[in-house]
Amino acid sequence: MEKMPYRQELDVTLMTVTSTPTPEVTSSDWQAGLPTLRGKQVVLRELRASDAASLFALLTTEEVSRFISPPPNTVEGFERFIAWTIRQRSAGTYACFAVTLQGFDTAIGIFQVRQLDPTFASAEWGFAIGSAFWGTGVFQDGAELVVEFAFETLGVHRLEARAAVQNGRGNGALQKLGAVREAVLRKSFLHNGRYLDQVLYTILDEDWQATRRTTSRSYLSAPSVH
Ligand SMILES: CC(C)(COP(=O)(O)OP(=O)(O)OC[C@H]1O[C@@H](n2cnc3c(N)ncnc32)[C@H](O)[C@@H]1OP(=O)(O)O)[C@@H](O)C(=O)NCCC(=O)NCCS
C-alpha cells in the first residue's frame, strides 16, 4: 500500500487522544478490537496513542518514506493517525497493527489492511518497518501473521499490494512471500510531484492455503491469537 489511505489534511475530527492501552481481545470480533498476533519474533497488536513517538522517529526517515505516501510529520500527526485507525477498525473498513518485538512493547512498524469492496473479499495491504529492523526476518514473520489474519478473520479472498517499481526492498519482500506479480500500473502513484509506476501483486486465499498444505516451513504454522 504505497498510498496510505490516511490523509492527514482531511482528518479534521477533534479527538481527545489518551494513552490508555487497548485491552487484549480474545474474541474474533476484530471490529471491537484487533486480536494480538504472536509470531516467532514479533507480536502484532492494536496501535495505541503512546506509539506515536516511536512511529514518528522510525517511519519518517528518508529511507523508510522514500517510496510511500508521506507519513504524518509530527508526533501529534501520528496520534491523529492512530485515532483514525481505531475509528476505521470500528467501522469495519480497515485494520492497522503495530509491530513489536517479543518481550518489548515499542512499536517499530505497522501493517495495514483496507477493504477494496464492502465485503472485504478484495483488500489491499501495506507495511512499513523501521530501517534498523530491515533484513532481520521481522517483516516476514509479521507479514505471515497479517496475511493469515486477512484470509482467516477478515474473509479476504484476494489480497493486493502495490510497490513502486523503484522500491527494491518492497518488491523483494513481496516476492519472497510468494505474492504474484500481476501487472505494472503505469504512472499510478504521485510521489514528490512525479508519477511513479507501481507493480500490482496479489495473494489469493486458495494459493495461500495450498502453500500451507504443501510446505513444512514452520513460519506457515497457524499464528496464535490471544
Ligand atoms: C518493505 C519492508 C517492510 C520490507 O522489510 P525488509 O526487512 O526490508 O524485507 P526483507 O529483508 O525481509 O526482504 C527484502 C528482500 O528484498 C531484497 N531486495 C531486492 N531488491 C533489493 C534492492 N534493490 N535493495 C535492497 N534489497 C532488495 C532483499 O535482498 C531481501 O531479500 P533476501 O532476504 O532474500 O535477501 C521494509 O523494507 C520497509 O519498511 N520499507 C519502507 C516502507 C515501504 O517501502 N513500504 C512499502 C512496501 S510495498
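Only a predicted model underlies this, so the values are computations on that prediction, with no experimental measurement involved.

Procedures and definitions
Residues numbered from 1 in each chain as written. Predicted model: local features only at pLDDT ≥ 70, side-chain atom pairs only at ≥ 80, totals over all residues. Near = placed C-beta within 6 Å. Helix = DSSP H or I, 4+ residues; strand = E, 2+ residues; numbered from the N terminus. Nonpolar A, V, L, I, M, F, W, Y, C, P; charged D, E, K, R; others polar. Core = buried A, V, L, I, M, F, W, Y, C linked by C-beta atoms within 7 Å. Buried ≥ 20, exposed ≤ 12 C-beta atoms within 10 Å, placed from the backbone. Contact = placed C-beta atoms within 7 Å. pLDDT = per-residue confidence, 0-100. Pairing = 2+ DSSP bridges. Axes fitted to C-alpha atoms, helices over the stretch in contact; angles between N-to-C directions. Parallel < 35°, antiparallel > 145°, perpendicular 65-115°, else oblique. Left-handed = near helix turned anticlockwise from the far one by under 90°. Expected span 1.5 Å × (residues − 1).

Engineer: Which parts of the structure should I look at to understand the site of the ligand?
Structural biologist: Contacts to the ligand come from 21 residues, most closely from W134, F139, G168, G170 and G172. Of all the elements in the fold, those that place two or more residues in the shell around the ligand are β5 (122-129), α4 (138-154), β6 (158-164) and α5 (168-176). The element best represented in the shell around the ligand is α5, accounting for six residues. Split into classes, the residues belonging to the shell around the ligand amount to 11 nonpolar, seven polar and three charged.

Engineer: How do you make sense of the environment of T136 when you look at a structure like this?
Structural biologist: In this structure, T136 sits in the loop between β5 and α4. Expressed as a C-alpha distance, the spacing of T136 and Q41, which sit 95 residues apart in the sequence, is 9.6 Å.

Engineer: It is not clear to me how the nonpolar core should be interpreted in this structure. Could you clarify?
Structural biologist: In summary, soluble globular proteins display a tendency toward joint burial of nonpolar side chains. L44, F97, V99, I110, W125, V146 and A150 are the most contacted members of the largest nonpolar core, which totals 57 residues. When residues in this core are grouped by element, the largest group, nine residues, is from α4.

Engineer: What exactly am I supposed to notice about unusual backbone geometry here?
Structural biologist: Excluding glycine, most residues fall at negative phi; most peptide bonds, likewise, are trans. At K187, a residue that is not glycine, the phi angle is positive and equals roughly 50°. Looking at the secondary structure, you find K187 in strand β7 (residues 180-191). Although it is not a glycine, N192 sits at a positive phi angle of roughly 50°. Note that N192 resides in the loop between β7 and β8 (194-204). In this structure N192 comes out as exposed when scored by C-beta crowding, with 7 C-beta atoms within 10 Å.

Engineer: Looking at this model, I keep getting lost on the environment of Y195. Mind explaining?
Structural biologist: Within the element layout of this structure, Y195 appears in strand β8. In this structure, the C-alpha to C-alpha distance between Y195 and A164, residues 31 residues apart in sequence, is 10.0 Å. Each residue touching Y195, except ones within four places of it in the same chain, is listed here: K187, F189 and L190.

Engineer: Got a minute to help me understand the confidence of the model for the protein chain in this structure?
Structural biologist: Detailed reading of the predicted coordinates is not advisable wherever pLDDT is low. Averaged over all residues, the pLDDT of the protein chain equals 88, while 83% of them reach at least 70. A low-confidence stretch, residues 216-226 stays under pLDDT 50, and its non-local contacts, those more than four residues away or across chains, total 21 contacts.

Engineer: What am I meant to see in the pairing of strand β3 (residues 94-101) here?
Structural biologist: For a regular strand, side-chain orientation follows a simple rule: the groups alternate between the two sheet faces. Taken across its eight residues, β3 has seven buried, putting it largely inside the fold. Note: strand β2 (residues 42-46) against β3, five bridges, orientation antiparallel. For E46, the partnering residue across the bridge sits in β3 and is F97. In terms of strand pairing, β3 meets strand β4 (residues 109-115) through six bridges, oriented antiparallel. Looking at β4, one finds that A98 is bridged to I110.

Engineer: Explain the packing of helix α1 (residues 52-59) against helix α3 (residues 75-91) to me, please; I cannot follow it from the model alone.
Structural biologist: Think of two packed helices as two axes; the pair is described by the angle between the axes and how far apart they sit. Contact geometry for α1 and α3: axes closest at 8 Å, N-to-C directions at 115°. Considered as vectors, α1 and α3 are oriented roughly perpendicular to each other. The way α1 lies across α3 gives a crossing that is right-handed. Two secondary-structure elements touch here, α1 through A52, A53, L55 and F56 and α3 through V75, F78, E79 and I82. Looking at the contact of α1 with α3, its residues break down into seven nonpolar, no polar and one charged.

Engineer: Got a minute to help me understand α4 in this structure?
Structural biologist: A turn of α-helix holds 3.6 residues, and therefore any two residues three or four places apart point the same way. In this model α4 runs 22 Å from its N-terminal to its C-terminal C-alpha over 17 residues, within 8% of the 24 Å that 1.5 Å per residue would give. Counting buried residues in α4 gives 12 out of 17 residues, a clear majority hidden from the surface. Looking at α4, one finds that the buried residues are V138, F139, D141, G142, A143, E144, L145, V146, V147, F149, A150 and F151. Following α4 by one or two positions, G155 adopts a phi angle in the positive range, close to 80°.

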